[in-house]
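# Geometric and topological summary
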Amino acid sequence: MRRLLSIFIAGTLAVAASYSSAQEDTRLKVTARFDRTAIDPVETVTLSLTVESEENVDIQSPTLPPIGDFEVLSQWQSSSTQASLVTSPQGRPQFKTVRKKVFNWQLSPKRLGDLTIAPIEVVIDGRNHRTQALSLEVASGAGNRPQPRGQARPGQGFGSEEGDGGEEDDLFAQLLKRGMGQVPRGGTRTMPVNPKEAFFIQVETDKTEAFVGEQITVSFYLYTTGVIRDLDTLKYPSLKGFWKEDIEIATHLNFQQEVIDGVAYKKALLASFALFPIKEGTSVIDSYQAKCTVIPGNDPFGALGMGRAFTFTKASQPVKITVKPIPNEGRPADYSGAVGDFQVTARVEDANPKTNQPFPLKIRFEGRGNAKLIDIPAVQLPDGLELYDKQQEAKFFGWGTSFKEFTLLLIPRRAGEFVIPAIGASMFDPQAKKYVSRATEPLRVIVGEGANQAGSSQSFTGGAENSGAGASTAAKPSGPVAPVFKDVFVPTERWTLSQAVAATIGTHAMALLVLLFVAYRELGWGQGKPRLSRLIRLRVRDIETSAKKGDARSVGIQGVNLLAFTLEEVVGDRVFEREIRKLLAATPPTIRKECGPALEEAYTTFELLAFAPDAAVADWKNAEKLRALVQKTAKTLGRMVALSGSDERST
């Protein structure tokens, strides 16, 4: 009897525990996912772990499992609470509150293939919860594939309105989400004037008033009630007065439905840009112009693409942007012109640095805005730690954010513990309308003894910070010294008239020969088409002239044109319309490997000088600094021409 009673009690408790667990599971949801299922090897992916609960629970920060195939670039988290009206089991309306916390990691793949992340554990109210395992395809061209329905766009994360995806096909929900065609808050959105138009081009901006350097997102859309058979872009907007970064340039029309004033339109994105005003005043977003062949929507055969087609040319309306100056009050001394909201992280990649061997320290700024304008002041390193070189890389992502990463190559001259102080930069936050500072935490580094200290200490001298120190000390030559001749031959007799005339003619003839030789070398006389290296030298001379005057703007514009011209000649194709990064990607692998990083850095700097606000280029109005930049770029271009064999092809 007791045994039966024990079994009954145990079963009852098990059922109760199961019921309690089921109740808890319905009130708590833990999921993990990538923001994309496939990416290119040069792209990054966001991993998000989301905890949704109906109760106020204690959530500990999750720990990622070993992820040797990925590099963690940054991490952040967010929280939100949402209340909705639902119907209870008894049929009565009641409010349901859902609390959501999202942990995000930005990852960079280290290899190609199908990469996997094991389940992630998170402790909630003292209990362990595990997510499902995740997989990601990394392959060339994979990032251009269509993402599955419901997949969030890169950088957007999950749980947002546009990331859910389930409402996209619900026209009523779409109208609610888009506000029935209302103007974006703080921005503008042009609307159709005549609903009978075959098509029109809409321009939409997220703001019409901004500070110098503040990000403005502008998008151009094609609207039609018919069937677009052909599209020819006649003119992209020039966008003068703005630093421009491409967000998306449509390669094909992907139509969605939208209803405006009771008329059902098909809408497709043409182009989207991130703009950063260069100077205060009024700047104009000029028109996007296109020619379309359209079959009208009222044609009974239009839906089959068999109706009568008409060709029209349309342009979007210009939009004026009021640009406000960045305030001088409270401007920090280290402010370099960056405007936006950025976060900063730092990491030491070498887990076991050794004496007299350089190790990299990476400082990365990332967020919304133009991170290319961020610069860091000189780093005050502890005794025994030297800066050998400083490199930087910047990129603007297609989803509207950007990053800039500084790599400091440090050389420890002794073993032991070093504390690298906080490293940061100042920026202007346009939302808070004030200057803010973002800095890393101090980093503690343990350095061990190197294998060959004597040899290593001599291997890294004359770097970025030491180049001037040893330049003034000349080594004494070894071996015999050539004799110095002090006696000079002086004629003792005067020349006759005929000798003087002959000497004069001979001198002029020699001068003429020298001039002809210079023309042969520099201008390519008698050699057919001039060599590419000579054309580069001529352009470099013009840029150096501007550099001597301290004209940073002119140096930037001419430098961008020089890079585009040289890459076009090396690639032998101008189809990229001077898109320098696409031209560089089309060069042979040897050039990309040896010259690519230097050319990317030169392009970023020239672009900065050409288009950045005045505050960001103030330090560049130094003739020597500009001249050093031009000479370094010329050397890189010369090496690229030599590797490509373009000089031989041009003769």
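The rules behind each value
Residues numbered from 1 in each chain as written. Predicted model: local features only at pLDDT ≥ 70, side-chain atom pairs only at ≥ 80, totals over all residues. Heavy atoms only, no water. Helix = DSSP H or I, 4+ residues; strand = E, 2+ residues; numbered from the N terminus. Buried < 20%, exposed > 50% of the residue type's maximum accessible area, 1.4 Å probe, protein only. Contact = heavy atoms within 4.5 Å. Areas by Shrake-Rupley, 256 points an atom, 1.4 Å probe, with all protein chains shown as cover. Axes fitted to C-alpha atoms, helices over the stretch in contact; angles between N-to-C directions. Parallel < 35°, antiparallel > 145°, perpendicular 65-115°, else oblique. Left-handed = near helix turned anticlockwise from the far one by under 90°. Nonpolar A, V, L, I, M, F, W, Y, C, P; charged D, E, K, R; others polar. Pairing = 2+ DSSP bridges. Patch = residues over 30% accessible without salt bridge, like charges linked within 9 Å, V, L, I, M, F, W, Y side chains within 5 Å. Salt bridge = Lys/Arg side-chain N within 4 Å of Asp/Glu carboxyl O. Phe/Tyr/Trp six-rings, centres within 6.5 Å; stacked < 30°, edge-to-face > 60°. Lys NZ or Arg CZ within 6 Å of the ring centre and 35° of its normal. Core = buried A, V, L, I, M, F, W, Y, C linked by side-chain atoms within 4.5 Å. Polar contact = N/O pair within 3.5 Å; in protein donor to acceptor, adjacent residues only side chain to side chain. Expected span 1.5 Å × (residues − 1). Arc of directions from axis to C-beta.

Per the secondary structure count, the protein includes 11 helices and 29 strands. Counting only residues that meet the buried cut, the protein has 39% of its 651 residues in that class. Sequence separation of at least 24 residues holds for 69% of the intrachain contacts in the protein that already meet a minimum separation of 6. Of the roughly 37100 Å² that the protein leaves accessible, carbon and sulfur atoms contribute 53%.

Our focus in this paragraph is the packing of helix α9 (residues 589-611) against helix α10 (residues 623-644). Between α9 and α10, the shortest axis-to-axis distance is 10 Å and the interhelical angle comes to 150 degrees. By the angle between their axes, α9 is roughly antiparallel relative to α10. The interaxial crossing formed by α9 with α10 has left-handed handedness. Across the interface between the two elements, T590, I591, E594, C595, A598, L599, E601, A602, T605, F606 and L609 from α9 touch L626, L629, K632, T633, T636, L637, R639, M640, L643 and S644 from α10. A breakdown of the residues in the contact of α9 with α10 according to their chemical character gives 12 nonpolar, 5 polar and 4 charged.

This part takes up the sheet that holds strand β14 (residues 227-235). In spatial order, the strands read β14-β19-β20; together these 3 strands make up an open sheet with antiparallel pairing. Edge positions in the sheet fall to β14 and β20 (310-315), since each has one partner strand and no second. If you compare each strand with its neighbour and ignore which way they point, the axes differ by 20 degrees on average. Pairing between β14 and strand β19 (residues 289-295): 7 bridges, direction antiparallel. Within the sheet, the bridge partner assigned to I228 lies in β19 and is V294.

Strand order in this open sheet of 3 strands is β12-β21-β18, and the pairing throughout is mixed. Whereas interior strands pair on both sides, the edge strands pair on one side only; in this sheet they are β12 (209-211) and β18 (281-285). This sheet shows a mean twist of 35 degrees between the axes of neighbouring strands, independent of strand direction. For β12 and strand β21 (residues 319-324), the ladder comprises 3 bridges, and the chain directions are parallel.

All right, on to a nonpolar patch on the surface then. Together, M510, L512, L513 and L516 line one region of the surface with nonpolar side chains, adding up to about 410 Å² of accessible area. Residue position: L516 is located in helix α5 (residues 497-523).

Inspection of every chain in the model, using the stated rule, returns 13 aromatic pairs. Plain terms: the ring middles of Y335 and Y435 are 5.1 Å apart, the flat faces sit at 80 degrees to each other, and that makes the pair edge-to-face. Placement of the pair is Y335 in the loop between β21 and β22 (340-348) and Y435 in strand β28 (residues 434-439), with a sequence separation of 100 residues. In this structure an aromatic cluster arises from ring pairing among F211, Y335, F428 and Y435. Positioned above the aromatic ring of F403, the side-chain terminus of R364 is 3.8 Å from the ring centre. Sitting over the ring of F565, R539 keeps its end group 4.0 Å from the ring centre.

Further remarks concern the pairing of strand β7 (residues 121-124). Side-chain alternation along β7 places V122 and I124 on a buried face and E121 and V123 on a face that remains uncovered. Connecting β7 to the next strand, strand β8 (residues 127-130), in antiparallel fashion are 2 residues, including D125 with a positive phi near 50 degrees.

Membership of the largest hydrophobic core comes to 64 residues, with the highest contact counts inside it found for F365, I374, L410, V555, L563, L609 and M640. Considering each element in turn, this core owes the most residues, 9 residues, to helix α7 (residues 552-571). Contact partners of V555, with chain neighbours within four places excluded, come to I543, S546, A547, F606, L609, L626 and V630. With 31 residues, the next largest nonpolar core counts F211, L270, V319 and I326 among its residues.

For T407, the location among the structural elements is in strand β25 (residues 402-412). A polar atom in the side chain of T407 sits 3.1 Å from the side chain of K362. Other than its neighbours up to four places away in sequence, T407 contacts P360, L361, K362, D389, K390 and Q391.

A complete count under the given rule lists 26 salt bridges for this structure. Notably, a salt bridge pairs E366 with R364, separated by 3.0 Å at the nearest N-O pair. The pair E366 / R364 is uniform in exposure class, with both members buried. A salt bridge links E594 to R639; its shortest N-O distance comes to 2.6 Å. Of the two residues, E594 sits in helix α9 while R639 sits in helix α10, which places them 45 residues apart along the sequence. We classify E594 as partly exposed; its relative accessible area is 44%. Connected through shared salt-bridge partners, E71, R347, K362, R364, E366 and E405 make up one network.

End to end, α10 covers 31 Å across 22 residues, agreeing with the expected 32 Å (1.5 Å per residue, within 8%). Every buried residue of α10 is accounted for by L626, L629, V630, T633, T636, L637, M640, V641 and S644. Down the axis of α10, the smallest arc covering the buried residues is 140 degrees, so these residues share one side. The outward face of α10, more than 90 degrees from its buried face, is lined by the exposed residues E624, K635 and A642. The backbone nitrogen of E624 has a side-chain oxygen 3.0 Å away, supplied by the residue at the start of α10, namely N622. Once α10 ends, the next one or two residues include G645, with phi positive near 70 degrees.

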